[in-house]
Amino acid sequence: MCPSMPRLSWARVLFLALAVAASPVAAASPAETVLSAVNAARAKAGCQPLRLNAKLTAAAKGHATAMAQQNFFGHAGKDGSKFSSRIKRQGYSYRTAAENIAAGYRSASQVVTGWLKSAGHRRNMLNCRMTETGIAMVYQPDDRPIRGNPAPLRYYWVQVFAAPG
């Protein structure tokens, strides 16, 4: 026993152990989980990891929100916007950019798996020229079915990729 250390009873040690075990651990957000999975796939392809960018995240969040609230699914917004104009609207200047969208996937791992199985989405994710990203998921609990889908999609995902210009 070290003379400068206070003596702890077994009850106090047990209490401290239970307190540590019961303390909340911050769970990763859907965006953080997507970023981690995408960067793992990029590493296997020899690409540098993507960095989150607040302006790209705002562009992704805006489009995911629009799809959820306006009940549509597509790269073009109901206002006619394209991902490039949504990125520029946020004040982001880029050399190259791309966008992945998805809907109906309940988890980040499901959406990344889906994107990796799609040639075009995979190409965007593994494009080593892209260095920054923005990721958003919007959940619409009272979503209505979209034409062509028998059930509501509820989960709307957008990932924007870019290389600053």
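Higher on the page you've got the structure.
What counts and how
Residues numbered from 1 in each chain as written. Predicted model: local features only at pLDDT ≥ 70, side-chain atom pairs only at ≥ 80, totals over all residues. Heavy atoms only, no water. Axes fitted to C-alpha atoms, helices over the stretch in contact; angles between N-to-C directions. Helix = DSSP H or I, 4+ residues; strand = E, 2+ residues; numbered from the N terminus. Left-handed = near helix turned anticlockwise from the far one by under 90°. Contact = heavy atoms within 4.5 Å. Nonpolar A, V, L, I, M, F, W, Y, C, P; charged D, E, K, R; others polar. Pairing = 2+ DSSP bridges.

### Let's talk about the packing of helix α2 (residues 30–44) against helix α5 (residues 108–117)
The geometry of α2 relative to α5 is characterised by a closest axis approach of 9 Å and an angle of 35° between their N-to-C directions. Between α2 and α5 lies a crossing of right-handed hand. Between α2 and α5, the residues in contact are Pro-30, Thr-33, Val-34, Ala-37, Val-38 and Ala-41 and Ala-108, Val-111, Val-112, Trp-115 and Leu-116, respectively. In the contact of α2 with α5, the residues fall into 10 nonpolar, 1 polar and no charged.

### Comments concerning the sheet that holds strand β1 (residues 51–52)
An order of β1-β3-β4-β2 is seen for the 4 strands of this open sheet, with the pairing classed as mixed. Of all strands in the sheet, those with a lone pairing partner are β1 and β2 (94–103), marking the two edges. Note that β2 and strand β4 (residues 155–164) share 9 bridges and pair antiparallel. Residue pairing for β4: Ala-103 is matched across the bridge by Tyr-156. Here α2 sits on the sheet in contact with β1, β3 (132–139) and β4, set at roughly 135° to β3. Sheet strands in contact with helix α3 (residues 54–70) are β1, β2, β3 and β4, and its direction is about 30° off that of β3.

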